[in-house]
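Reading the structure
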Amino acid sequence: MERIPTIDLRPWSAGGEEARAALARTVDQALQTAGFLLVAGHGVDPGLRAGIRRAAREFFLLPAEVKRRYEAKVGGRGWLGPGAEANGYAEGTETPPDLKESLTFATDEPFEDPAVNAEWYAPNVWPAEVPELRTLCRAYLAHMAALEKELLSLLGHALGLERDFFSRHMDHPTYGFNINWYPGTDVVGAPLPGQFRIGPHTDFGTVTVLDRQAGKGGLQVYTDAGGWQDAPYDPAAFTVNVGDLLARWTGDRWRSGRHRVLPPPVDAPAEELMSLVYFGECTPGTLVESVPAPVGRVAYPPVDSHVYLREKLDSITVG
(Lines give C-alpha, C1' and ligand atoms only; values in the text may rest on other atoms or scores of the structure.)
Protein backbone atom coordinates (compact mmCIF):
# COMPACT_ATOMS: atom_id res chain seq x y z
CA MET A 1 0.00 0.00 0.00
CA GLU A 2 1.05 3.62 -0.27
CA ARG A 3 3.27 4.32 2.68
CA ILE A 4 1.54 5.85 5.68
CA PRO A 5 4.35 7.85 7.30
CA THR A 6 4.99 8.61 10.94
CA ILE A 7 5.50 12.32 11.52
CA ASP A 8 6.96 13.88 14.65
CA LEU A 9 5.11 17.03 15.69
CA ARG A 10 8.02 18.48 17.64
CA PRO A 11 9.71 20.08 14.60
CA TRP A 12 6.39 21.75 13.80
CA SER A 13 6.14 23.42 17.20
CA ALA A 14 9.84 23.99 17.85
CA GLY A 15 11.79 23.53 14.60
CA GLY A 16 13.02 25.90 11.95
CA GLU A 17 11.30 26.82 8.70
CA GLU A 18 13.16 24.19 6.69
CA ALA A 19 12.06 21.41 9.05
CA ARG A 20 8.47 22.68 8.98
CA ALA A 21 8.45 22.82 5.19
CA ALA A 22 9.74 19.23 4.94
CA LEU A 23 7.07 18.09 7.40
CA ALA A 24 4.37 19.89 5.41
CA ARG A 25 5.44 18.17 2.18
CA THR A 26 5.30 14.75 3.85
CA VAL A 27 1.84 15.46 5.25
CA ASP A 28 0.46 16.71 1.94
CA GLN A 29 1.70 13.65 0.06
CA ALA A 30 0.37 11.16 2.61
CA LEU A 31 -3.06 12.76 2.76
CA GLN A 32 -3.36 12.72 -1.04
CA THR A 33 -2.89 8.94 -1.13
CA ALA A 34 -4.25 7.11 1.93
CA GLY A 35 -5.67 9.99 3.97
CA PHE A 36 -3.83 8.67 7.05
CA LEU A 37 -0.81 9.63 9.16
CA LEU A 38 0.82 8.32 12.30
CA VAL A 39 1.60 11.21 14.62
CA ALA A 40 4.32 11.01 17.29
CA GLY A 41 5.72 13.75 19.50
CA HIS A 42 2.21 14.69 20.67
CA GLY A 43 3.06 14.82 24.37
CA VAL A 44 0.06 12.85 25.66
CA ASP A 45 1.01 10.63 28.60
CA PRO A 46 0.56 6.91 27.82
CA GLY A 47 -0.44 6.42 31.46
CA LEU A 48 -3.50 8.62 30.91
CA ARG A 49 -4.57 6.54 27.93
CA ALA A 50 -4.07 3.30 29.89
CA GLY A 51 -6.08 4.71 32.80
CA ILE A 52 -9.04 5.48 30.55
CA ARG A 53 -8.95 1.95 29.17
CA ARG A 54 -8.91 0.40 32.66
CA ALA A 55 -11.84 2.48 33.85
CA ALA A 56 -13.86 1.99 30.66
CA ARG A 57 -13.30 -1.76 30.74
CA GLU A 58 -14.80 -1.85 34.24
CA PHE A 59 -17.90 -0.25 32.79
CA PHE A 60 -18.16 -2.50 29.73
CA LEU A 61 -17.96 -5.60 31.94
CA LEU A 62 -20.97 -4.49 34.01
CA PRO A 63 -24.29 -6.33 33.54
CA ALA A 64 -26.33 -5.13 30.55
CA GLU A 65 -29.15 -3.91 32.79
CA VAL A 66 -26.72 -1.53 34.52
CA LYS A 67 -25.28 -0.24 31.24
CA ARG A 68 -28.77 0.35 29.85
CA ARG A 69 -29.26 3.16 32.40
CA TYR A 70 -26.79 5.13 30.26
CA GLU A 71 -28.13 4.15 26.84
CA ALA A 72 -27.93 6.79 24.11
CA LYS A 73 -28.71 7.12 20.42
CA VAL A 74 -25.99 7.57 17.80
CA GLY A 75 -24.68 11.12 18.09
CA GLY A 76 -25.81 11.36 21.72
CA ARG A 77 -23.92 10.96 24.99
CA GLY A 78 -23.76 7.71 26.92
CA TRP A 79 -23.64 4.01 26.10
CA LEU A 80 -24.14 2.60 22.61
CA GLY A 81 -24.87 -1.07 23.08
CA PRO A 82 -24.47 -3.99 20.68
CA GLY A 83 -26.38 -3.46 17.46
CA ALA A 84 -26.63 0.34 17.71
CA GLU A 85 -24.52 1.17 14.65
CA ALA A 86 -23.74 -0.19 11.21
CA ASN A 87 -21.07 2.15 9.85
CA GLY A 88 -21.09 0.53 6.41
CA TYR A 89 -24.47 2.16 5.75
CA ALA A 90 -22.69 5.54 5.52
CA GLU A 91 -21.27 4.48 2.16
CA GLY A 92 -24.39 2.63 1.06
CA THR A 93 -23.32 -0.89 2.06
CA GLU A 94 -25.90 -2.92 3.94
CA THR A 95 -24.11 -4.84 6.66
CA PRO A 96 -25.13 -6.49 9.93
CA PRO A 97 -24.67 -4.22 12.99
CA ASP A 98 -21.11 -3.52 14.11
CA LEU A 99 -19.68 -5.84 16.79
CA LYS A 100 -18.78 -3.25 19.39
CA GLU A 101 -19.98 -1.25 22.35
CA SER A 102 -19.13 2.40 22.90
CA LEU A 103 -19.13 5.08 25.53
CA THR A 104 -19.64 8.37 23.74
CA PHE A 105 -19.07 11.94 24.92
CA ALA A 106 -18.91 15.43 23.39
CA THR A 107 -18.33 19.07 24.25
CA ASP A 108 -18.93 20.00 27.89
CA GLU A 109 -19.69 23.65 27.13
CA PRO A 110 -23.18 24.73 25.99
CA PHE A 111 -23.58 27.12 23.06
CA GLU A 112 -25.10 30.61 23.10
CA ASP A 113 -27.64 29.79 20.38
CA PRO A 114 -30.62 27.82 21.81
CA ALA A 115 -31.24 26.16 18.44
CA VAL A 116 -27.65 24.87 18.34
CA ASN A 117 -27.96 23.65 21.92
CA ALA A 118 -31.18 21.83 21.11
CA GLU A 119 -29.50 19.78 18.39
CA TRP A 120 -25.85 19.55 19.42
CA TYR A 121 -25.54 19.97 23.17
CA ALA A 122 -26.50 17.86 26.14
CA PRO A 123 -24.63 17.23 29.40
CA ASN A 124 -22.22 14.32 29.20
CA VAL A 125 -23.39 11.17 30.95
CA TRP A 126 -20.66 9.83 33.23
CA PRO A 127 -21.23 6.35 34.69
CA ALA A 128 -21.48 6.52 38.48
CA GLU A 129 -20.00 3.01 38.72
CA VAL A 130 -16.60 4.24 37.46
CA PRO A 131 -16.28 7.79 38.85
CA GLU A 132 -12.62 8.14 37.86
CA LEU A 133 -13.54 7.98 34.16
CA ARG A 134 -14.80 11.57 34.17
CA THR A 135 -11.55 13.07 35.45
CA LEU A 136 -9.42 10.94 33.12
CA CYS A 137 -11.48 11.75 30.03
CA ARG A 138 -11.58 15.47 30.75
CA ALA A 139 -7.78 15.53 30.98
CA TYR A 140 -7.50 13.54 27.75
CA LEU A 141 -10.00 15.75 25.91
CA ALA A 142 -8.09 18.89 26.87
CA HIS A 143 -5.06 17.33 25.17
CA MET A 144 -7.16 16.41 22.12
CA ALA A 145 -8.54 19.94 21.70
CA ALA A 146 -5.02 21.38 21.73
CA LEU A 147 -3.70 18.65 19.43
CA GLU A 148 -6.52 19.15 16.93
CA LYS A 149 -5.73 22.86 16.63
CA GLU A 150 -2.04 22.13 16.22
CA LEU A 151 -2.72 19.51 13.55
CA LEU A 152 -5.08 21.80 11.67
CA SER A 153 -2.50 24.60 11.75
CA LEU A 154 0.00 22.19 10.20
CA LEU A 155 -2.59 21.16 7.61
CA GLY A 156 -3.28 24.78 6.64
CA HIS A 157 0.46 25.28 6.16
CA ALA A 158 0.73 22.05 4.16
CA LEU A 159 -1.72 23.48 1.63
CA GLY A 160 0.18 26.75 1.39
CA LEU A 161 -2.64 28.61 3.17
CA GLU A 162 -2.78 30.64 6.38
CA ARG A 163 -1.95 28.51 9.40
CA ASP A 164 -5.34 29.36 10.92
CA PHE A 165 -7.25 28.62 7.71
CA PHE A 166 -8.90 25.59 9.37
CA SER A 167 -8.12 26.12 13.05
CA ARG A 168 -9.96 29.44 13.29
CA HIS A 169 -13.19 27.50 12.85
CA MET A 170 -12.54 25.36 15.93
CA ASP A 171 -13.23 27.83 18.76
CA HIS A 172 -16.27 25.89 20.01
CA PRO A 173 -16.45 22.61 18.09
CA THR A 174 -18.98 19.83 18.61
CA TYR A 175 -16.21 17.26 18.85
CA GLY A 176 -17.09 13.66 19.58
CA PHE A 177 -15.18 11.18 21.72
CA ASN A 178 -15.87 7.45 21.59
CA ILE A 179 -14.35 4.73 23.70
CA ASN A 180 -14.94 1.68 21.53
CA TRP A 181 -14.82 -1.79 23.08
CA TYR A 182 -14.35 -4.72 20.72
CA PRO A 183 -14.91 -7.93 22.68
CA GLY A 184 -13.89 -11.33 21.36
CA THR A 185 -16.03 -14.13 20.01
CA ASP A 186 -16.22 -15.57 23.53
CA VAL A 187 -18.54 -12.61 24.25
CA VAL A 188 -20.24 -11.80 20.92
CA GLY A 189 -20.15 -15.19 19.19
CA ALA A 190 -19.04 -15.86 15.65
CA PRO A 191 -19.57 -12.91 13.29
CA LEU A 192 -22.26 -13.09 10.64
CA PRO A 193 -21.27 -12.93 6.96
CA GLY A 194 -20.23 -9.35 6.17
CA GLN A 195 -20.16 -8.36 9.86
CA PHE A 196 -17.27 -6.30 11.24
CA ARG A 197 -16.24 -4.74 14.49
CA ILE A 198 -16.75 -1.55 12.47
CA GLY A 199 -17.91 -1.78 8.86
CA PRO A 200 -16.11 -0.04 5.98
CA HIS A 201 -16.62 3.71 6.06
CA THR A 202 -15.00 7.12 6.04
CA ASP A 203 -15.26 9.49 9.00
CA PHE A 204 -17.49 12.49 8.68
CA GLY A 205 -15.74 15.54 10.11
CA THR A 206 -12.33 17.23 9.93
CA VAL A 207 -9.68 14.99 11.47
CA THR A 208 -9.96 11.88 13.63
CA VAL A 209 -7.31 11.20 16.27
CA LEU A 210 -7.20 7.52 17.20
CA ASP A 211 -5.38 5.78 20.03
CA ARG A 212 -5.64 2.13 19.07
CA GLN A 213 -4.42 -1.32 19.98
CA ALA A 214 -3.05 -3.88 17.56
CA GLY A 215 -4.74 -7.23 17.04
CA LYS A 216 -5.84 -9.79 14.49
CA GLY A 217 -9.23 -8.10 14.38
CA GLY A 218 -7.76 -4.63 14.09
CA LEU A 219 -7.77 -1.59 11.81
CA GLN A 220 -7.45 -1.86 8.04
CA VAL A 221 -7.02 1.01 5.59
CA TYR A 222 -8.09 1.06 1.93
CA THR A 223 -6.02 2.55 -0.88
CA ASP A 224 -6.59 2.41 -4.63
CA ALA A 225 -3.23 0.77 -5.24
CA GLY A 226 -3.24 -1.80 -2.44
CA GLY A 227 -6.88 -2.45 -1.55
CA TRP A 228 -7.49 -3.40 2.09
CA GLN A 229 -4.35 -3.80 4.19
CA ASP A 230 -3.53 -3.73 7.89
CA ALA A 231 -2.82 -0.23 9.12
CA PRO A 232 0.71 0.38 10.40
CA TYR A 233 0.94 0.47 14.18
CA ASP A 234 3.11 2.34 16.65
CA PRO A 235 1.97 2.21 20.29
CA ALA A 236 3.52 5.62 20.97
CA ALA A 237 1.82 7.33 18.02
CA PHE A 238 -1.74 8.38 17.30
CA THR A 239 -3.36 7.32 14.04
CA VAL A 240 -4.81 10.43 12.34
CA ASN A 241 -7.09 10.43 9.34
CA VAL A 242 -8.92 12.98 7.21
CA GLY A 243 -12.72 13.02 7.39
CA ASP A 244 -15.26 13.74 4.66
CA LEU A 245 -15.74 17.38 5.57
CA LEU A 246 -12.03 18.19 5.41
CA ALA A 247 -11.68 16.30 2.12
CA ARG A 248 -14.52 18.40 0.72
CA TRP A 249 -12.88 21.55 2.13
CA THR A 250 -9.66 20.74 0.28
CA GLY A 251 -11.54 20.14 -2.97
CA ASP A 252 -10.63 16.44 -2.75
CA ARG A 253 -6.91 17.16 -2.79
CA TRP A 254 -6.84 15.09 0.38
CA ARG A 255 -8.86 11.94 0.55
CA SER A 256 -11.12 10.92 3.38
CA GLY A 257 -9.41 7.81 4.75
CA ARG A 258 -11.57 4.73 4.13
CA HIS A 259 -11.14 2.14 6.85
CA ARG A 260 -12.72 -0.72 8.76
CA VAL A 261 -12.10 -2.77 11.89
CA LEU A 262 -11.96 -6.49 11.15
CA PRO A 263 -14.33 -8.98 12.79
CA PRO A 264 -13.23 -10.60 16.06
CA PRO A 265 -10.97 -13.51 15.08
CA VAL A 266 -12.53 -16.92 15.58
CA ASP A 267 -9.08 -18.44 16.22
CA ALA A 268 -8.40 -15.96 19.06
CA PRO A 269 -11.75 -15.94 20.88
CA ALA A 270 -10.49 -13.92 23.84
CA GLU A 271 -9.01 -11.08 21.77
CA GLU A 272 -10.38 -7.85 23.18
CA LEU A 273 -9.37 -4.43 21.87
CA MET A 274 -10.26 -0.89 22.93
CA SER A 275 -9.87 2.32 20.94
CA LEU A 276 -10.03 5.94 22.06
CA VAL A 277 -11.43 7.91 19.14
CA TYR A 278 -11.56 11.71 19.01
CA PHE A 279 -13.63 13.09 16.14
CA GLY A 280 -12.57 16.64 15.38
CA GLU A 281 -15.37 18.93 14.24
CA CYS A 282 -15.97 22.63 13.54
CA THR A 283 -17.89 25.32 15.37
CA PRO A 284 -21.58 24.95 14.35
CA GLY A 285 -22.55 27.12 11.40
CA THR A 286 -19.14 26.95 9.73
CA LEU A 287 -19.52 27.34 5.97
CA VAL A 288 -17.28 24.83 4.24
CA GLU A 289 -16.19 26.00 0.78
CA SER A 290 -13.76 24.02 -1.37
CA VAL A 291 -10.29 25.50 -1.71
CA PRO A 292 -10.01 26.61 -5.37
CA ALA A 293 -7.60 25.23 -7.95
CA PRO A 294 -4.73 24.69 -8.26
CA VAL A 295 -4.78 23.45 -4.64
CA GLY A 296 -8.26 21.94 -4.84
CA ARG A 297 -9.28 19.40 -7.46
CA VAL A 298 -13.10 19.50 -7.21
CA ALA A 299 -15.30 22.53 -6.51
CA TYR A 300 -18.11 21.32 -4.26
CA PRO A 301 -21.09 23.57 -3.48
CA PRO A 302 -20.69 25.33 -0.10
CA VAL A 303 -22.25 23.40 2.77
CA ASP A 304 -23.09 24.10 6.40
CA SER A 305 -20.77 21.82 8.38
CA HIS A 306 -23.43 20.62 10.80
CA VAL A 307 -26.22 20.05 8.30
CA TYR A 308 -23.72 17.77 6.60
CA LEU A 309 -22.70 16.02 9.84
CA ARG A 310 -26.29 15.38 10.94
CA GLU A 311 -27.13 13.68 7.65
CA LYS A 312 -24.09 11.43 8.04
CA LEU A 313 -24.86 10.50 11.65
CA ASP A 314 -28.45 9.65 10.79
CA SER A 315 -27.25 7.35 7.98
CA ILE A 316 -25.44 4.93 10.32
CA THR A 317 -28.12 4.64 13.00
CA VAL A 318 -29.73 1.20 13.17
CA GLY A 319 -33.45 1.08 13.87
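Data block above holds the structure.
Residues numbered from 1 in each chain as written. Predicted model: local features only at pLDDT ≥ 70, side-chain atom pairs only at ≥ 80, totals over all residues. Heavy atoms only, no water.

1. Remarks on the sheet that holds strand β12 (residues 273-279)
As summarised here, the arrangement of the 8 strands in space is β1-β2-β10-β7-β12-β5-β4-β3, forming an open sheet in which the pairing is mixed. Of all strands in the sheet, those with a lone pairing partner are β1 (6-8) and β3 (78-80), marking the two edges. The average undirected angle you get between the axes of adjacent strands in this sheet is 25 degrees. As paired elements, β1 and strand β2 (residues 36-40) share 3 bridges and run parallel to each other. In the sheet register, D8 faces β2, and the bridge partner there is A40. In the packing of helix α2 (residues 17-33) onto the sheet, contacts are made with β1, β2 and β10 (238-242), and the angle to β2 comes to roughly 145 degrees. Its contacts with the sheet place helix α3 (residues 46-60) against β3, β4 (101-106), β5 (176-182), β7 (207-211), β10 and β12, and it is angled at close to 115 degrees to β12. (Pairing = 2+ DSSP bridges. Helix = DSSP H or I, 4+ residues; strand = E, 2+ residues; numbered from the N terminus. Axes fitted to C-alpha atoms, helices over the stretch in contact; angles between N-to-C directions. Contact = heavy atoms within 4.5 Å.)

2. So, the nonpolar core
In this structure, F60, L133, Y140, L155 and I179 are the most contacted members of the largest nonpolar core, which totals 61 residues. Of all the elements, helix α6 (residues 132-158) adds the most residues to this core, at 11 residues. Core analysis: the second largest hydrophobic core is formed by 12 residues, F36, Y182, L210 and V277 among them. (Core = buried A, V, L, I, M, F, W, Y, C linked by side-chain atoms within 4.5 Å. Buried < 20%, exposed > 50% of the residue type's maximum accessible area, 1.4 Å probe, protein only.)

3. Topic: the packing of aromatic side chains
Within this structure, the stated rule accounts for 10 aromatic pairs. Note on F165 and F166: the rings are 5.1 Å apart at their centroids and 85 degrees apart in plane angle, and the pair reads as edge-to-face. Across this residue pair, the class does not change: F165 and F166 are buried. A network of ring pairs unites the aromatic residues F59, F60, Y70 and W181 as a single cluster. Geometry around W120 places R310 over its ring, the cationic atom sitting 4.3 Å from the centre. (Phe/Tyr/Trp six-rings, centres within 6.5 Å; stacked < 30°, edge-to-face > 60°. Lys NZ or Arg CZ within 6 Å of the ring centre and 35° of its normal.)

4. Describing empty space enclosed by the protein
All chains considered together, the criterion is met by 1 cavity of 30 Å³ or more. If you go around the largest cavity, the residues you meet are L80, G81, G83, A84, E85, D98 and K100. Counted by class, the lining of the largest cavity contains 2 nonpolar, 2 polar and 3 charged residues. (1 Å grid on protein atoms, 1.4 Å probe; cavity = no way out; pocket = protein on both sides within 12 Å on 5 of 7 lines; lining within 4 Å. Points joined across faces, edges and corners; volume = space filled by probe spheres on them. Nonpolar A, V, L, I, M, F, W, Y, C, P; charged D, E, K, R; others polar.)

5. Let's talk about the pattern of salt bridges
Scanning all chains against the criterion turns up 17 salt bridges. Residue R10 pairs with D8 through a salt bridge whose shortest N-O separation is 2.6 Å. When its relative accessible area of 25% is taken as the criterion, D8 is described as partly exposed. Between R310 and E119 there is a salt bridge; the shortest N-O distance is 3.0 Å. Of this pair, R310 sits in helix α9 (residues 305-315) while E119 is found in helix α5 (residues 114-120), placing the two residues 191 residues apart along the sequence. Residue E119 is classed as partly exposed on the basis of its relative accessible area, which comes to 41%. Taken together, the salt bridges that share partners define one network made up of E17, R20 and R163. (Salt bridge = Lys/Arg side-chain N within 4 Å of Asp/Glu carboxyl O.)

6. Some words on α3
Across its 15 residues, α3 extends 21 Å between first and last C-alpha, which sits within 8% of the 21 Å expected from 1.5 Å per residue. Among the residues making up α3, those that are buried are L48, R49, G51, I52, R53, A55, A56, F59 and F60. One side-chain oxygen of the residue at the start of α3 lies 2.8 Å from the amide nitrogen of G47, identifying that residue as D45. (Expected span 1.5 Å × (residues − 1). Polar contact = N/O pair within 3.5 Å; in protein donor to acceptor, adjacent residues only side chain to side chain.)

7. Observations regarding the side chain of H42
Looking at the element boundaries, H42 is found in the loop between β2 and α3. On the accessibility criterion, H42 (15% relative accessible area) is buried. Leaving out residues up to four positions away in the same chain, H42 has contacts with R49, L147, A236, A237 and F238.

8. Some details on the packing of α2 against α6
For the pair α2 and α6, interaxial distance at closest approach is 9 Å and the crossing angle is 90 degrees. One way to sum up the angle between α2 and α6 is to call them roughly perpendicular. Contacts between α2 and α6 involve R20, L23, A24, V27, D28 and L31 from the first element and L154, L155, H157 and A158 from the second. (Parallel < 35°, antiparallel > 145°, perpendicular 65-115°, else oblique.)

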